[in-house]
Amino acid sequence: MRDSVHGIRTRANVPSPRYSLVLPIYNEEEVLPRLVERISALVARLDGETEVIFVDDGSSDKSVRYLRRMLAAEPSFRLIELSRNFGHQIAITAGMDAAAGEAVIVMDADLQDPPEVVLELVAKWKDGFEIVYAKRVRREGESWFKRFTASVFYRLLEKMTPVDIPRDVGDFRLVGRKALETFKRMPEHDRFVRGMFGWMGFKQAAVPFERPARTLGETKYPFWKMLNLALHGIIGFSEQPLRLALWTGLAVSALAVVFGAYAILAWIFEAGVIAGWTSTVVIVSLLIGINLFMTGVVGLYVGSIHAEVKRRPLYVIDRRSGFDRPTRVASRARRPSFRKSGNGVTADVRTLRQL
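Parameters at a glance
Residues numbered from 1 in each chain as written. Predicted model: local features only at pLDDT ≥ 70, side-chain atom pairs only at ≥ 80, totals over all residues. Heavy atoms only, no water. Helix = DSSP H or I, 4+ residues; strand = E, 2+ residues; numbered from the N terminus. Buried < 20%, exposed > 50% of the residue type's maximum accessible area, 1.4 Å probe, protein only. Contact = heavy atoms within 4.5 Å. Lys, Arg positive; Asp, Glu negative; His and termini not counted. Salt bridge = Lys/Arg side-chain N within 4 Å of Asp/Glu carboxyl O. Core = buried A, V, L, I, M, F, W, Y, C linked by side-chain atoms within 4.5 Å. Axes fitted to C-alpha atoms, helices over the stretch in contact; angles between N-to-C directions. Left-handed = near helix turned anticlockwise from the far one by under 90°. Nonpolar A, V, L, I, M, F, W, Y, C, P; charged D, E, K, R; others polar. Phe/Tyr/Trp six-rings, centres within 6.5 Å; stacked < 30°, edge-to-face > 60°. Lys NZ or Arg CZ within 6 Å of the ring centre and 35° of its normal. Patch = residues over 30% accessible without salt bridge, like charges linked within 9 Å, V, L, I, M, F, W, Y side chains within 5 Å. Areas by Shrake-Rupley, 256 points an atom, 1.4 Å probe, with all protein chains shown as cover.

S.K.: Can you tell me about the overall build of the protein, naming the residues and giving the values?
M.R.: Broken down by element type, the protein carries 12 helices and eight strands. Within the span of the protein, comprising 355 residues, buried residues form 46% of the whole. Of the contacts formed within the protein by residues at least 6 apart in sequence, a portion of 84% connects residues at least 24 apart.

In structure tokens:
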């Protein structure tokens, strides 16, 4: 599964590009025309042959139909259509498995990862860094709650795991071929991609950028999805929750022994133990709650093990398009038109709405 795209390239005798851009797509029909325009401009500025791999993660809108139409206009575009929604981290993996470039750049499709920053990532890569990640120095359009929870998560992860995972860094990064081949040998299902690259080591560098607010479409990472990603990150790269369960259990047991000794001494010396059920209910409820919490922590790890031992493929590809064509830098003559209409909306936006 994970090498099948390379097999297609070999049979078709398609030369490998220098750069591969990987963009996961999920219901992004509103932003796609503007994204394609800026990606095409970026491809024209890069100093080598470039392929752009869109990975549709089971979109239910018109994103796939639009991208299929754009393949004919842009020779550097490729499209992978997954059979259903497998999740953002899996979609990234599918695109990186298919990438053939010497340098692979992963970025989101919502334009909050500005394509122009790729030029700075490439410059750092040419300086000898194997992994170059984009570090957010400013996050526009995000609530104080999201910024606060993100800050807490990165600090907790820093304390709980020995892996060096940079703060305020998402999946927007450039990865050299050596790091990519290492990544492809990591088959775990509960994937936290930024942690996986942090675990590798290699020579890494950061490029600071200001993350703009999302202007089109809706976020695909609401609070509960962010919480789920955080849990996968902690469970995948830290054993501290298990140690916390152990030490909490020992602490509660020690407190129970102390309380039992106090009750016995009070009975012996007739210190006036108050009869009643309140203290019993409180203590029993506390112990049951702690026990259920710790069982849940252990259960998360057991569930992760269960997902791994089934050995199912990470993803299923429904259709691939464009991988049998040679890559080249897009010229202005072949570039799609992005004419402005009278109401300020691009022509491609209006065409997309008509599909």
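From this point on, the discussion continues.
S.K.: Can you break down the side chain of Arg-136 residue by residue, with the values?
M.R.: Tracing the chain through its elements places Arg-136 in strand β5 (residues 131-139). For the buried residue Arg-136, which engages in no salt bridge, the nearest side chain bearing the opposite charge is Asp-113, 5.1 Å off. Beyond its immediate stretch of four places on either side in the chain, Arg-136 contacts Asp-168, Gly-170, Phe-209 and Arg-211.

S.K.: Now, about the nonpolar core: what can you tell me, with residues and values included?
M.R.: Leu-35, Ile-39, Phe-54, Val-118, Leu-121 and Phe-172 are the most contacted members of the largest nonpolar core, which has 39 residues in total. Residue contributions to this core peak at six residues, all from helix α2 (residues 32-45). Among the nonpolar cores identified, the runner-up in size contains 29 residues, and Phe-86, Ile-92, Val-104 and Leu-314 belong to it.

S.K.: Can you tell me about the packing of helix α7 (residues 177-184) against helix α8 (residues 193-200), naming the residues and giving the values?
M.R.: For any two helices packed against each other, the geometry comes down to the angle between their axes and how far apart the axes lie. Their axes nearest at 10 Å, the elements α7 and α8 cross at an angle of 115°. In the packing of α7 onto α8, the handedness of the crossing is right-handed. Facing Ala-179, Thr-182 and Phe-183 of α7, the residues of α8 in contact are Val-193, Met-196, Phe-197 and Met-200. Residues belonging to the contact of α7 with α8 are distributed by class as follows: six nonpolar, one polar and no charged.

S.K.: Pulling in residues and values, what's your account of the packing of aromatic side chains?
M.R.: Applying the stated rule across the entire model yields four aromatic pairs. The interplanar angle of 85° and the centroid separation of 5.7 Å between the aromatic rings of Phe-172 and Phe-209 together place this pair among those described as edge-to-face. Remark: Phe-209 occurs in strand β7 (residues 204-211) and Phe-172 occurs in strand β6 (residues 169-176); sequence separation between them is 37 residues. When sorted by exposure, Phe-172 lands in the same class as Phe-209, which is buried. Ring geometry for Phe-183 against Phe-197: centres 5.0 Å apart, planes inclined by 10°, an arrangement best described as stacked. Taken together, the residues span a long stretch of sequence, with Phe-183 in helix α7 and Phe-197 in helix α8 at a distance of 14 residues. Over the face of the ring belonging to Phe-86 we find Arg-84, whose NZ or CZ atom lies 3.9 Å from the ring centre.

S.K.: Any details on helix α4 (residues 88-98)? Residues and values, ideally.
M.R.: The buried count for α4 comes to 11 of 11 residues, which makes it a mostly enclosed element. Those residues of α4 that fall on the buried side of the exposure criterion are His-88, Gln-89, Ile-90, Ala-91, Ile-92, Thr-93, Ala-94, Gly-95, Met-96, Asp-97 and Ala-98.

S.K.: Lay out the pattern of salt bridges with the relevant residues and their values.
M.R.: Evaluated as defined, the whole model comprises seven salt bridges. A salt bridge links Asp-47 to Lys-126; the shortest N-O distance between them is 2.3 Å. Residue Asp-47 is located in the loop between α2 and β2 (50-56), and its partner Lys-126 is located in helix α5 (residues 118-126); the two are separated by 79 residues in the primary sequence. Of the residues examined, Lys-126 reaches a relative accessible area of 44% and is grouped as partly exposed. Notably, a salt bridge pairs Arg-68 with Glu-81, separated by 2.7 Å at the nearest N-O pair. Residue Arg-68 is located in helix α3 (residues 63-73), and its partner Glu-81 is located in strand β3 (residues 77-82); the two are separated by 13 residues in the primary sequence. Given the relative accessible area of 5%, Glu-81 is considered buried. When salt bridges with common partners are traced through the structure, they connect Arg-18, Asp-47 and Lys-126 into a single cluster.

S.K.: I'd like a description of a nonpolar patch on the surface, backed by residues and values.
M.R.: Together, Phe-259, Ile-283 and Leu-287 line one region of the surface with nonpolar side chains, adding up to about 240 Å² of accessible area. Tracing the backbone shows Phe-259 in helix α10 (residues 240-268). Residue classification places Phe-259 among the partly exposed residues on the basis of a relative accessible area of 44%.

S.K.: Summarise the environment of Leu-21; cite the residues concerned and give the values.
M.R.: With respect to the helices and strands, Leu-21 occurs in strand β1 (residues 19-25). A residue is classified by how much of its surface remains accessible, and Leu-21, at 0% relative accessible area, is buried. Residues within four places of Leu-21 in sequence aside, it is in contact with Ile-39, Leu-42, Thr-50, Glu-51, Val-52, Ile-53, Ile-105 and Val-118.

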